[in-house]
Amino acid sequence: MHTQYKKCFITVGTTRFDLLCQSIQQPAVLRALNKLGYREITFQIGNSDCEPGHYEKEGVKIEMYRFKDSLKEDMRSADLVISHAGAGSCLEALGENKPLLVVINEDLMDNHQMELAEQLHMSGNLYYCTCDTLNTLETVDFSWLSPLAKPTPNNFVKYLDSVFTVKNLSK
Amino acid sequence: MYIMELALMLSAFFILTITARVMYLLYNIFRGICNLNSENNSLKTVYCIGSGGHTTELLRIVSHLDAEKYAPRLYIMAMNDVSSEVKIREQERDSTEYQIYRIPRSRNVKQSYVSSVFTTLYATIYTIPIICKFKPDIIFCNGPGTCVPICLVAFLLRCIFVLDCRIVFIESFCRVRTLSLSGKILQWFADIFIVQWPQLTNVCFRGKYFGRLT
């Protein structure tokens with residue numbers, strides 16, 4: 001069905017997410033990705049307990065690195081983004097209009113990040129799962145997702161400009 | 001004898017003045033009276049930088065604000081934060097009207113609550129000279145731990161007439177149903193309290209909602 005191979009980008013942000021690193025490399029998950037046509041994975045692993053480098057498992061090429069100044073390039077060239085639930089990473093992926101699967105880190109004590117993933121899932125912008133349910137990935141239809149509405153900072157900026165005034169603005 | 005009486009009266013006078021000042025400030029804050037009309041041509045602005053997502057979020061809001069009006073800008077961030085500095089320098093590359101200051105972290109990830117009391121206290125004391133020297137008009141923050149000591153110092157300095165500044169707290173977009181710890185603390189003395197999800201206005205008693213900002 002999928003003739004050309006697709007790229008998948010995975011990011012854990014500035015933290016660590018050991019379980020995701022292990023789960024992605026499970027044969028079942030890699031086979032699911034392979035079946036969907038993903039032959040190349042770029043994985044930003046942050047401080048996770050994992051060795052950066054190039055690997056090939058189950059017919060999928062995996063490139064792991066810890067950090068880059070900007071993930072924009074990797075994000076843009078990907079056909080699917082898998083991300084931790086951090087707001088920054090989610091918004092970046094949705095801003096690029098990429099199909100997004102969020103993996104919830106259940107080890108985090110204060111798991112408020114789940115709130116955002118749940119909310120954006122309810123409004124149909126992304127899918128989310130945990131590391132245990134990652135292998136159900138092949139049943140997910142990403143074409144159902146709708147893009148996230150653009151931010152509207154103008155009213156806030158106008159409000160600020162009305163309460164905070166200066167003598168004369170040089171403009 | 002007279003000296004004793006004088007000292008007593010003076011201290012009573014100070015305590016009364018400060019109490020009146022605090023009540024006056026809180027009254028204004030809760031009534032939403034937060035106007036600031038500067039005699040200068042620009043407003044000295046402090047941005048409390050957190051880490052990771054918080055930084056990205058705040059910098060996006062910064063990019064919507066008039067850089068000439070909100071200047072000079074002082075970015076205060078945690079000691080061991082490297083990636084945030086790269087992002088700030090990138091965004092401010094055409095400007096010289098900004099500075100970056102570093103303070104100790106008030107709470108490291110996984111640090112116990114008891115020891116975080118002391119580290120927060122240390123961070124608070126460390127912040128005092130920075131705020132005194134810069135004398136900000138406005139402080140923007142969006143929820144990282146570092147912002148609580150900064151805002152607390154600013155508010156206390158305001159209570160003792162050293163400073164006249166406004167605190168703008170923007171709850172992070174990732175807070176959908178509950179407030180962050182910083183949010184819970186700052187809703188008591190931030191002048192403007194912004195939330196980015198409408199359902200949050202039911203959770204806090206004075207959140208303003210303007211839609212998604214970042």
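Values in this document were obtained by computation on a predicted structure and should not be read as measured data.

A.B. asks: Teacher, can you tell me more about the interface of chain A and chain B here?
C.D. replies: When the parts of a complex come together, some accessible area is lost, and that lost area is often taken as the interface size. The partner chain B presents 44 residues to the 34 residues of chain A that form the contact. Across the chain A/chain B interface, buried area totals approximately 3,500 Å², and carbon plus sulfur atoms make up 60% of it. On the chain A side of the interface with chain B, the three residues burying the most area are Glu115(A), Phe156(A) and Phe164(A), jointly 21% of the side's total. The interface formed by chain A and chain B contains two salt bridges. A salt bridge links Asp161(A) to Lys69(B); the nearest nitrogen and oxygen atoms lie 3.0 Å apart. Applying the counting rule to chain A against chain B returns 17 residue pairs in polar contact (both at pLDDT 80 or more).

A.B. asks: Could you clarify how one ought to interpret helix H4 (residues 87-95) of chain A in this entry?
C.D. replies: An α-helix turns once every 3.6 residues. As a result, residues three or four positions apart point the same way. Residues and elements named next belong to chain A. Most of H4 sits out of view: seven of its nine residues are buried. For H4, the full list of buried residues reads Ala87, Gly88, Ser89, Cys90, Leu91, Ala93 and Leu94. Of the residues trailing H4, Asn97 is marked for its positive phi of about 60°.

A.B. asks: Please clarify how the pattern of salt bridges should be interpreted in this entry.
C.D. replies: Residue and element names in this part refer to chain B. Going through the model one piece at a time under the given rule, you end up with 14 salt bridges over all chains. One salt bridge in this structure joins Arg93 and Glu90, with 3.0 Å as the shortest N-O distance. Assessed through its relative accessible area of 57%, Arg93 is described here as exposed. Residue classification places Glu90 among the partly exposed positions, given a relative accessible area of 47%. The shortest N-O distance in the salt bridge between Asp164 and Arg166 comes to 3.0 Å. Through salt bridges with shared partners, one network takes in Arg158, Asp164, Arg166 and Asp191.

A.B. asks: Would you mind going over the sheet that holds strand E6 (residues 100-104) of chain A with me for this structure?
C.D. replies: What holds strands together in a sheet is hydrogen bonding between their backbones, with the strands either parallel or antiparallel. Residue and element names in this part refer to chain A. With mixed pairing, the seven strands of this open sheet are ordered in space as E3-E4-E2-E1-E5-E6-E7. Two strands in the sheet have a free side with no partner beyond their single neighbour: strand E3 (53-57) and strand E7 (127-130). The sheet shows a mean angle of 20° between the axes of neighbouring strands, taken without regard to direction. Running at roughly 170° to E6, H4 makes contact with strand E1 (6-11), strand E5 (80-83) and E6 of the sheet. Across the face of the sheet, helix H5 (residues 113-122) comes into contact with E6 and E7 while running at roughly 140° to E7.

A.B. asks: Explain the sheet that holds strand E6 (residues 166-170) of chain B here, please?
C.D. replies: All names here are of chain B. What the seven strands build is an open sheet, ordered E4-E3-E2-E5-E6-E7-E8; its pairing is parallel. At either margin of the open sheet sits one strand with a lone partner, and together these are strand E4 (98-103) and strand E8 (208-209). Sheet topology note: the strand E2 (residues 45-48)/strand E3 (residues 73-78) ladder contains four bridges and is parallel. Paired with Tyr47 across the bridge in E3 is Tyr75. Relative to the sheet, helix H5 (residues 147-159) contacts E2, E3, E4, strand E5 (138-141) and E6, its axis offset from that of E5 by approximately 155°.

A.B. asks: What's the story with the packing of aromatic side chains in this structure? I'm lost.
C.D. replies: The geometry of two aromatic rings is summed up by the distance between their centres and the angle between their planes. Residue and element names in this part refer to chain B. The tally for this structure, following the rule as stated, stands at 15 aromatic pairs over all chains. Centroid distance Phe169 to Phe193: 5.1 Å. Interplanar angle 20°. Geometry classified as stacked. Highlighted residues: Phe169 in strand E6 and Phe193 in strand E7 (residues 192-195), separated in sequence by 24 residues. A relative accessible area of 0% means that Phe169 is categorised as buried. Taken together, the ring pairs connect Tyr47, Tyr70, Tyr75, Tyr98 and Phe140 into an aromatic cluster.

A.B. asks: How do you make sense of the environment of Met77(B) when you look at a structure like this?
C.D. replies: Inspection of the secondary structure puts Met77(B) in strand E3. Contact partners of Met77(B), with chain neighbours within four places excluded, come to Ile49(B), Ser84(B), Glu85(B), Ile88(B), Ile100(B), Tyr101(B), Arg102(B) and Ile103(B).

A.B. asks: Got a minute to help me understand helix H4 (residues 113-134) of chain B in this structure?
C.D. replies: Residue and element names in this part refer to chain B. Compared with the 32 Å implied by 1.5 Å per residue over 22 residues, the 31 Å span of H4 between its first and last C-alpha is a close match. Of all the bends found along H4, the most pronounced is centred on Thr127 and spans about 30°, while Pro129, a proline, follows it within four residues. Listed as buried for H4 are Ser116, Ala123, Thr124, Thr127, Ile130, Ile131 and Phe134. Looking at the buried residues of H4, the elements they touch are E2, E3, E4 and H5.

Definitions and limits used
- Residues numbered from 1 in each chain as written.
- Chains lettered and ligands numbered in written order.
- Predicted model: local features only at pLDDT ≥ 70, side-chain atom pairs only at ≥ 80, totals over all residues.
- Heavy atoms only, no water.
- Contact = heavy atoms within 4.5 Å.
- Buried area = accessible area lost by both parts, 1.4 Å probe.
- Salt bridge = Lys/Arg side-chain N within 4 Å of Asp/Glu carboxyl O.
- Polar contact = N/O pair within 3.5 Å; in protein donor to acceptor, adjacent residues only side chain to side chain.
- Buried < 20%, exposed > 50% of the residue type's maximum accessible area, 1.4 Å probe, protein only.
- Helix = DSSP H or I, 4+ residues; strand = E, 2+ residues; numbered from the N terminus.
- Pairing = 2+ DSSP bridges.
- Axes fitted to C-alpha atoms, helices over the stretch in contact; angles between N-to-C directions.
- Phe/Tyr/Trp six-rings, centres within 6.5 Å; stacked < 30°, edge-to-face > 60°.
- Expected span 1.5 Å × (residues − 1).
- Bend = angle between axes of the 7 residues up to and from the residue.

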